[in-house]
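Next come the chains, spelled out residue by residue.
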Amino acid sequence: MTVQLGAILQYMDLLAELNTDQVEPLAHPLEITNVFRADEVRPSLARQAALANAPHHDEECYLVPAVLGEA
Amino acid sequence: MSLWEATATELLARLDAGELSSVAVTEAFLRRIQALDGRVGAFLHVDAQAALAQAEEIGRKRRARHPVGRLGGLPVAVKDVLCVRGEPTTCASRMLAGFRPPYDATVVSRLKAADAVLVGKTNMDEFAMGGSTENSAFQATRNPWNLDRVPGGSSGGAAACVAAGMAPLSVGSDTGGSVRQPAALCGVTGLKPTYGRVSRYGLVAFASSLDQVGPLARTAQDAALLLEVLAGYDPADSTSVNRPVPPYTKELDRPLRDLRIGLVREHFDAGLDGQVEAAIRQAVRVLESLGAACTWISLPHSKYAVATYYLIAPSEASSNLARYDGVHFGYRTDQRAMLAELEAERRRLEQTGDQAALDALDSALVRLYRKTRSEGFGPEVKRRIMLGTYALSAGYYDAYYLKALKVRRLIREDYDHAFAQVDLIAGPVTPTAAFPLGAKVHDPLAMYLFDLYTVGTNLAGIPGISVPCGFTRDGLPIGLHLQAPAFEESRLLAAAHQFQQATDWHTRRPALEQLHAGGPAAGDAMQG
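What counts and what doesn't
- Residues numbered from 1 in each chain as written.
- Chains lettered and ligands numbered in written order.
- Predicted model: local features only at pLDDT ≥ 70, side-chain atom pairs only at ≥ 80, totals over all residues.
- Helix = DSSP H or I, 4+ residues; strand = E, 2+ residues; numbered from the N terminus.
- Rg over C-alpha atoms; globule rule 2.2 N^0.38 Å.
- Buried ≥ 20, exposed ≤ 12 C-beta atoms within 10 Å, placed from the backbone.
- Contact = placed C-beta atoms within 7 Å.
- pLDDT = per-residue confidence, 0-100.
- Pairing = 2+ DSSP bridges.
- Right-handed = clockwise from strand over helix to strand, strands pointing away.
- Domains from an automatic or database assignment.
- Nonpolar A, V, L, I, M, F, W, Y, C, P; charged D, E, K, R; others polar.
- Axes fitted to C-alpha atoms, helices over the stretch in contact; angles between N-to-C directions.
- Bend = angle between axes of the 7 residues up to and from the residue.
- Core = buried A, V, L, I, M, F, W, Y, C linked by C-beta atoms within 7 Å.
- Parallel < 35°, antiparallel > 145°, perpendicular 65-115°, else oblique.
- Left-handed = near helix turned anticlockwise from the far one by under 90°.

A word on the overall build of chain B
Here's step 1: The helix and strand tally for chain B stands at 18 helices and eleven strands.
Here's step 2: Taking 528 residues into account, the globule formula puts the C-alpha radius of gyration at 24 Å, and chain B, at 23 Å, falls close to it.
Here's step 3: In chain B, which comprises 528 residues, the proportion classed as buried is 56%.
Here's step 4: The contacts of chain B with a sequence gap of at least 6 include a subset with a gap of at least 24, amounting to 77%.

Some points on the overall build of chain A
Here's step 1: A tally of helices and strands in chain A yields two helices and zero strands.
Here's step 2: The C-alpha atoms of chain A give a radius of gyration of 24 Å, which is well past the 11 Å a tight globule of 71 residues would have.
Here's step 3: If one aligns the C-alpha atoms of chain A with their principal axes, the spans along those axes are about 55 × 45 × 25 Å.
Here's step 4: Relative to its full complement of 71 residues, chain A shows a buried share of 6%.

Some remarks on the confidence of the model for chain B
Note: predicted coordinates in regions of low pLDDT should not be interpreted at a detailed level.
Residues and elements named next belong to chain B.
Here's step 1: Overall, the prediction assigns chain B a mean pLDDT of 95, with 97% of residues at 70 or greater.
Here's step 2: This stretch, residues 518-528, has a pLDDT under 50; its non-local contacts, to residues over four places away or in other chains, come to 13 contacts.
Here's step 3: Our summary of model confidence lists the complex with pTM equal to 0.96 and ipTM equal to 0.93.

Some points on the pairing of strand 8 (residues 293-297) of chain B
Residue and element names in this part refer to chain B.
Here's step 1: The pairing of strand 7 (residues 260-264) with strand 8 spans five bridges and is classified as parallel. Pairing of Arg260 across the sheet is with Ala293, part of strand 8.
Here's step 2: Handedness of the strand 7-helix 8 (residues 274-289)-strand 8 crossover: right-handed.

What about the domain arrangement of chain B?
Residue and element names in this part refer to chain B.
Here's step 1: Considered domain by domain, chain B is made up of domain 1 (3-304 + 409-517) and domain 2 (325-376).
Here's step 2: Look at where the C-alpha atoms of domain 1 and domain 2 centre, and you get two points 43 Å apart.
Here's step 3: Residue-level contacts link six residues of domain 1 with four residues of domain 2.
Here's step 4: Looking at the side of domain 1 that touches domain 2, its residues break down into four nonpolar, one polar and one charged.

A short note on the sheet that holds strand 3 (residues 117-122) of chain B
Residue and element names in this part refer to chain B.
Here's step 1: Spatial strand order, 1-3-2-4-6-5-10-11-9-7-8: eleven strands in an open sheet with mixed pairing. In this open sheet, the two edge strands, each paired with only one partner strand, are strand 1 (43-45) and strand 8. Ignoring which end each strand starts from, the neighbouring axes of this sheet average 30° apart.

Observations concerning helix 2 (residues 22-40) of chain B
Residues and elements named next belong to chain B.
Here's step 1: Along its length, helix 2 shows its largest kink, about 40°, at Gln34.
Here's step 2: Along helix 2, the residues classified as buried are Ser22, Val25, Thr26, Phe29, Leu30, Arg32, Ile33, Leu36, Asp37 and Val40.
Here's step 3: Among the structural elements, helix 1 (8-16), strand 1, helix 3 (48-63), strand 2 (75-79), strand 3 and helix 5 (156-163) are those in contact with the buried residues of helix 2.
Here's step 4: Count one or two residues on from helix 2 and you reach Gly41, which has phi positive near 70°.

A closer look at the interface of chain A and chain B
Here's step 1: With 34 residues of chain A at the contact, the number on the chain B side is 47 residues.
Here's step 2: Looking at which element gives the most residues to the side of chain A that touches chain B, the answer is helix 1 (residues 2-12) of chain A, with six residues.
Here's step 3: Here the side of chain A that touches chain B is composed, by residue class, of 27 nonpolar, five polar and two charged.

Looking at helix 7 (residues 220-230) of chain B
Here's step 1: Judged by how many residues are buried, helix 7 of chain B sits mostly within the fold: eleven of eleven residues are covered.
Here's step 2: Every buried residue of helix 7 of chain B is accounted for by Ala220(B), Gln221(B), Asp222(B), Ala223(B), Ala224(B), Leu225(B), Leu226(B), Leu227(B), Glu228(B), Val229(B) and Leu230(B).

Observations concerning unusual backbone geometry
All names here are of chain B.
Here's step 1: Residue Gly153 is joined to Ser154 through a cis peptide bond whose omega torsion reads 5°.
Here's step 2: By the element assignment, Ser154 lies in the loop between strand 3 and helix 5.
Here's step 3: A positive phi angle, close to 60°, is found at Arg65, a residue other than glycine.
Here's step 4: Along the chain, Arg65 turns up in the loop between helix 3 and strand 2.
Here's step 5: A positive phi is found at Asp258, a non-glycine position, where the angle reads about 70°.
Here's step 6: Judged by the 9 C-beta atoms lying within 10 Å of it, Asp258 is exposed.

Comments concerning the nonpolar core
All names here are of chain B.
Here's step 1: In terms of nonpolar packing, the biggest core is built from 158 residues, with Val76, Leu82, Cys161, Leu482 and Ala495 touching the most fellow members.
Here's step 2: If you tally residues by element for this core, the top one is helix 9 (residues 305-320), at nine residues.
Here's step 3: The residues contacting Val76, other than those within four sequence positions of it, are Leu71, Leu111, Ala116, Val117, Leu118, Val119, Ala167, Leu169, Ser170 and Val171.

Quick notes on the pairing of strand 7 of chain B
Side chains on a regular strand alternate between the two faces of the sheet.
Here's step 1: As paired elements, strand 7 of chain B and strand 9 (residues 424-428) of chain B share three bridges and run parallel to each other. Across the sheet, residue Leu263(B) finds its bridge partner in strand 9 of chain B, namely Ala426(B).

Looking at the packing of helix 7 of chain B against helix 17 (residues 489-502) of chain B
How two helices pack is summed up by the angle between their axes together with the distance between the axes.
Residue and element names in this part refer to chain B.
Here's step 1: Here helix 7 crosses helix 17 at 150°, and the two axes come no closer than 8 Å. By the angle between their axes, helix 7 is roughly antiparallel relative to helix 17. Residues Ala220, Gln221, Ala223, Ala224 and Leu227 of helix 7 form the contact with helix 17, whose own contacting residues are Glu489, Leu493, Ala496, His497 and Gln500.
Here's step 2: By residue class, the composition of the contact of helix 7 with helix 17 is six nonpolar, three polar and one charged.

A look at the packing of helix 2 of chain B against helix 3 of chain B
Residue and element names in this part refer to chain B.
Here's step 1: At their nearest, the axes of helix 2 and helix 3 sit 8 Å apart, and the two run at 160° to each other. The angle between the axes of helix 2 and helix 3 places the two elements in the roughly antiparallel class. The chirality of how helix 2 crosses helix 3 is right-handed. Contact residues: helix 2 offers Ser22, Val23, Thr26 and Leu30, while helix 3 offers Ala48, Ala51, Leu52, Ala55, Glu56, Ile58 and Gly59.
Here's step 2: Tallied by class, the residues present in the contact of helix 2 with helix 3 amount to seven nonpolar, three polar and one charged.

Observations concerning the environment of Asp423(B)
Residue and element names in this part refer to chain B.
Here's step 1: Note on placement: Asp423 falls in the loop between helix 14 (398-421) and strand 9.
Here's step 2: Through-space distance from the C-alpha of Asp423 to that of Glu488 is 9.4 Å; in sequence the pair is 65 residues apart.
Here's step 3: Discounting residues that sit within four places of it in the chain, Asp423 has contacts with Leu259, Arg260 and Arg491.

This is the structure we're talking about:
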C-alpha cells in the first residue's frame, strides 16, 4: 500500500510543470452560489426510520462507547 | 426474435399497443438473469417477486386504460450506488452490507413514477471507486463478451446486464468515466449527462463536483428515452440545474450535415492501441459520410487530466466517506471484542509505565471508528481516502488540491476553446479493449491511467457518450467517445443515433450460451 501510494503521489508531481499563478481554482463545474430554499419548517425523517439501520440504539438515540471518563 | 433481444423502444411500442404484457416482458428478462447471471455476476440483488408484482400492477393500469408512465412496464436495472427505499443498497461495500435506505433516490422515484419495473441492483466497484468492478467487496462481474475479461467499471454490472440481454435499460453513475468506460468495454451505449442535469439526491456520493447518474442501453434511442425520465431539476439537490428537459427521443433525427467534429490530437498517441485507433478512425469516416466535417483540435492540458482527477476525486471522497463511522448506520466493528482489546492494551501500557503511549491511546470511540473503517472499507477505497486526506492536509493543500483545482480550470478552458471551433469532440473511450481480470489489480496507477480519455469530461462538467463502433480481432467491443458542450445532450444523442442507423455494431450480441471462463476446447470455436 505504501509503495503504491508513493508511486501515485510521485505521478502527481506532473502538475508542478504548470505555472498556475494567474489561474483561479475551479472547485465546481457550475459556478452557482447561494442555492437556498425558503426557511420553512418541513417534516423530517421519522425517528424509527432514522434508527432502522443503527448498529446499536435504545429506541431513542444511537449508542456508542462512552466518550467522557473511563472507556 | 426473443423478447430479450428487442430494444427498449421496440418493447415499449408493443407494450403500448397491447401486444405484450409487462409481466411477459419482465418474465423474459428474469429468465435471462436466472440462466446467465451465475456466470456473469452483474447483479448483487434481484427481487423477482417484487418485480413481477410491479409488472402486474402496471398491466392492471393498462387494461383499465389508466395513464401509464413513460417507461410503461420496461425492466430497468439500477447500480447499487442509488438508494431504493427499503431495499439493500450496498455500494458493493461491506460498510453498507445490509443497509436499507429510508428513502428513494430522486432518479429512483422518477423511474417508479414512470412505471419502470425495477428488476435488481447491479454490481460495481466499491463506492464507485475503480475501473473494472474488481473492487466490489462481494463478487466479480465478468465481461459477457469474454468471461475472463473485466466488464469495466465502476458501473460494470449495469453495462454487463444490458450487454447480456438481462435488462433492456440500466442506470449507472459516472465520476471519471464509470458509465462510458464499461459501456465501451461491454459494447453498449452509455451516457454521462452534463453536471447538474440529473439529480444526485440519493446517489451515494463519491466526488460531489464530478458525480452524475447516467443511462445505459443497447441504443442511443433507448438511452434518450431513459434520460428523458431521469433528467430534470430537483430542489432536493442544490447542484441540480433548473433548465427544461428537451424531448430527447424527438430530437434524434437532427441532421448531421455540416456538424463540425474535432479529433483531439493529444489522444492519438503511442498509448492508443492500434485496433482501437483503427475503429475510431473508421467511425469518424462514417460520421463524415453522414455530412459531418472532421478536423484536428488540441486540448493542450490533456496530459494533466488524470493527475488532476486523481487529486480532486479522492479529496472529495475523503470528505464524503467520513460519514461511515459505524455510528448511525452501516457496519460497526464487533464492539465487545474492540473494547476488550483496548482494555488489554491499556493494562499492558500501565504495566510498562509508558505514560506517553497511554496518553496517546485511542479513546473507545476513536478505536470504534478506526476498526470499523479498517474492516468495512476495501483497499482501493482506503487508498483514495488516504490520498485525499493527504492532498487536503495543512502543508500539502496548496501543492496538491488547490493546484489540481487550478489545472481543472485550464482543462475546462481547453474545452471552451475547442467548442468555439467544433460542435462535438470525437475519440476513443479507452486506450485498449477489455483487459483480463486481475491484470491491473496490483497496479493502481495503471488502472487510473486507463481513464485518460474520460476524466476530462467530468472535470469540465460537460456531457459525453460511448457508442459501440467495432470489435478487436479477439472479439472485444470498442467504444467511440463523443463529447458536447454543457446541456447539448440532444446533439450527442442525435449523432450517436444516426451513427447507429449507418452501422450495426450496437446490434451484435455476445454468444453467452457457448462461452465459459477459461474452459476446455469445446467452447473455443465460438470465441473471437
